[in-house]
Amino acid sequence: MRNVFCEIKKDFSLKFFFYFLLFSGIMWVLIPTSYYEALHYDPAETLMWGSTFNLGNAKHPPMAGYMLYWFCSLFRFHNFSVFLLSQIVVTIGFVYIYKLSRCFFERPQSVMATLIITFYFLYNYETPKFNANVPHILFVPMMCYYFYKGITENKLNQWLLLAVSGACAFLTKYYAGIFFLSFLAYMVYDKNARLLFKSYKPYLAGGLFFLLISPHLYHLWQTDFSSFAYIAEGKIKQYSYFFQIFAILFSIAAPILCMSAAAVLTYCLTHKKLPGKIRCFANPAAAKYAGFIMGGQAAILLLMALANQRLEMMWTFQLFLPAGILIMSVYPAEVDRKTIINFAVLVFAFASVVMIVDLLHSNFSSSFRRHLNPDELRRTAEKYYYEQTGKREIPFITGDVWHTSILQKAYRYQVKAAPAHDKILLDTHRDIIRRHGALVISARNEESAGYLKKNLGQSPDWTFVLFPYKAKYGKMKKHDFYFGIIKPENYKK
């Protein structure tokens, strides 16, 4: 560790890299902590997954839930712990992107290749909203780094670390499987990598990978692979056939253009002119590797769009992690101290603008998913449940995802909960519901009633609720939702 700090002190680009990661990490913990009373949909849902120790749910594998729930439990589930884990994951992930970049570039180019991704706002503004995508900022760079080290140095520990990081990525989100297809294509294409098909080490890594994910594979088999139904038909398609193809093309091209614009602007500030003729892959090895990693993902997403499968623009999130390496492989000049200074100004300026906009918007614009008070919601729920049942302790909570998870968080996860649509999680708690019943909370009462009738055999009678909320400097608003009761088997009125 002492050697690391010595290197940071000597090298200006590393000093900038270190201070930016520190600045960004601290600010993206403090800013959302300052205005979130409740939680965004994604981390609230992820915490609910983790509160039931299971091998998967109706939507994703279990790793994101495990990570968030057990980390936040160290801090009694205060909101800041969600944002802190997000920034720990992002920071370590960026270090691995830097380590991968160093396989191709000198330090200054590697710093630019790493941080150029921050000009795509999803990698700063969205990261506090911890969901299944955020752990991939850590695990995907680890996979890409250890795979490249494995095919270039062929050390056993590198292949085994690829297996571990790959298993963690797969157990976070099935999308990680696409990277293994890209790795296989690269090994077939590259003549030096092809020689490793004769080595036992990649096969040993493959065996370890399947051993690590085998409990989840067994869970999938037991549940008839129901989580894959979410991928195909989990939500109504957002777009028509041709518009979906256009949307995916746009979501692939637009972030790359934004990041490339940052590189071009850095060049212009440094050299006081527009770049001339772009060097065509001045670093062919970097371009080839990043091209395979990104191209494999883009090809599969486009094939899914052409096959009229349900897609969301957010599914391109992981595609851009090596984008800086690809962009820097065609950067038209050497990266000197002046270049890094100009790039640092742009990076800090862009990050600061995003932070200020988010801070002002979230403190002046009232939103129930930010400003609804969970403790007041808990008291309202307890009063309703006592009036309906004569009991003060709520045995179980179900309903739509956000309201169920926020109410469960208000109880610091001492009450079990599961969404009405998730049969896998409901089955885990079916005995509690059968013996004691449940409180239902939902803003979409008809939809929740349908799921509860299908999964539990009951449809509750609903009570309409208007609940006030307000941003620190915003207008008072009211959020409407419904309460209901699921009766136990031996219920007597």
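Look up a bit, the structure's there.
As the structure is a computational prediction, the values presented were derived from the model and not from experiment.

Explain the overall build of the chain here, please?
The helix and strand tally for the chain stands at 22 helices and five strands. In terms of overall size, the chain behaves like a compact globule, its C-alpha atoms giving a radius of gyration of 25 Å where 493 residues would be expected to give roughly 23 Å. When the backbone C-alpha atoms are referred to their principal axes, the chain occupies close to 80 × 55 × 50 Å. Looking at the 493 residues of the chain, the share that counts as buried comes to 54%. Sequence separation of at least 24 residues holds for 75% of the intrachain contacts in the chain that already meet a minimum separation of 6. When the accessible area of the chain is evaluated, it comes to approximately 22600 Å², of which 63% is carbon and sulfur surface.

Looking at this structure, how should I read the packing of helix 3 (residues 41-51) against helix 19 (residues 401-410)?
To describe two helices that pack against each other, one gives the angle between their axes and the distance between the axes. Interaxial distance between helix 3 and helix 19 falls to 9 Å at its minimum, and their mutual angle equals 65 degrees. Classed by the angle they form, the pair helix 3 and helix 19 counts as roughly perpendicular. Our pair here, helix 3 against helix 19, has a crossing hand that is left-handed. Facing helix 3, whose interface residues are Y41, A44, E45, L47, M48 and S51, helix 19 presents V401, W402, T404, S405, I406, Q408 and K409. Tallied by class, the residues present in the contact of helix 3 with helix 19 amount to seven nonpolar, four polar and two charged.

Just to check I follow, could you spell out the packing of helix 8 (residues 156-170) against helix 11 (residues 201-222) for this structure?
Packing of helix 8 against helix 11 brings their axes to within 8 Å, and their N-to-C directions diverge by 25 degrees. Comparing the axis directions of helix 8 and helix 11 gives the class roughly parallel. When the axes of helix 8 and helix 11 are compared, the crossing they make is right-handed. Contact residues: L156, W159, L160, A163, V164, G166, A167 and F170 in helix 8; K201, P202, L204, A205, L208, F209, L212, I213 and H216 in helix 11. Of the residues in the contact of helix 8 with helix 11, the class split is 14 nonpolar, two polar and one charged.

What exactly am I supposed to notice about the sheet that holds strand 2 (residues 416-417) here?
Backbone-to-backbone hydrogen bonds pair the strands of a sheet. The strands run either parallel or antiparallel. Across the sheet, five strands lie side by side as 2-1-3-5-4; this open sheet has mixed pairing. Looking at the sheet topology across the chains shown, the edges are occupied by strand 2 and strand 4 (463-469). Both strand 1 (residues 396-399) and strand 2 contribute to a ladder of two bridges, which runs parallel. Residue pairing in the sheet places F396 in a bridge with K416 of strand 2. The strands touched by helix 19 within the sheet are strand 1, strand 2, strand 3 (438-442) and strand 5 (477-486), with strand 1 carrying the most contacts at an inclination of about 160 degrees. Contacting strand 1, strand 3 and strand 5, helix 22 (residues 445-455) runs over the sheet at an angle of about 140 degrees to strand 3.

Parameters at a glance
- Residues numbered from 1 in each chain as written.
- Predicted model: local features only at pLDDT ≥ 70, side-chain atom pairs only at ≥ 80, totals over all residues.
- Heavy atoms only, no water.
- Helix = DSSP H or I, 4+ residues; strand = E, 2+ residues; numbered from the N terminus.
- Rg over C-alpha atoms; globule rule 2.2 N^0.38 Å.
- Buried < 20%, exposed > 50% of the residue type's maximum accessible area, 1.4 Å probe, protein only.
- Contact = heavy atoms within 4.5 Å.
- Areas by Shrake-Rupley, 256 points an atom, 1.4 Å probe, with all protein chains shown as cover.
- Axes fitted to C-alpha atoms, helices over the stretch in contact; angles between N-to-C directions.
- Parallel < 35°, antiparallel > 145°, perpendicular 65-115°, else oblique.
- Left-handed = near helix turned anticlockwise from the far one by under 90°.
- Nonpolar A, V, L, I, M, F, W, Y, C, P; charged D, E, K, R; others polar.
- Pairing = 2+ DSSP bridges.

These values are about where atoms sit, not about what they do.
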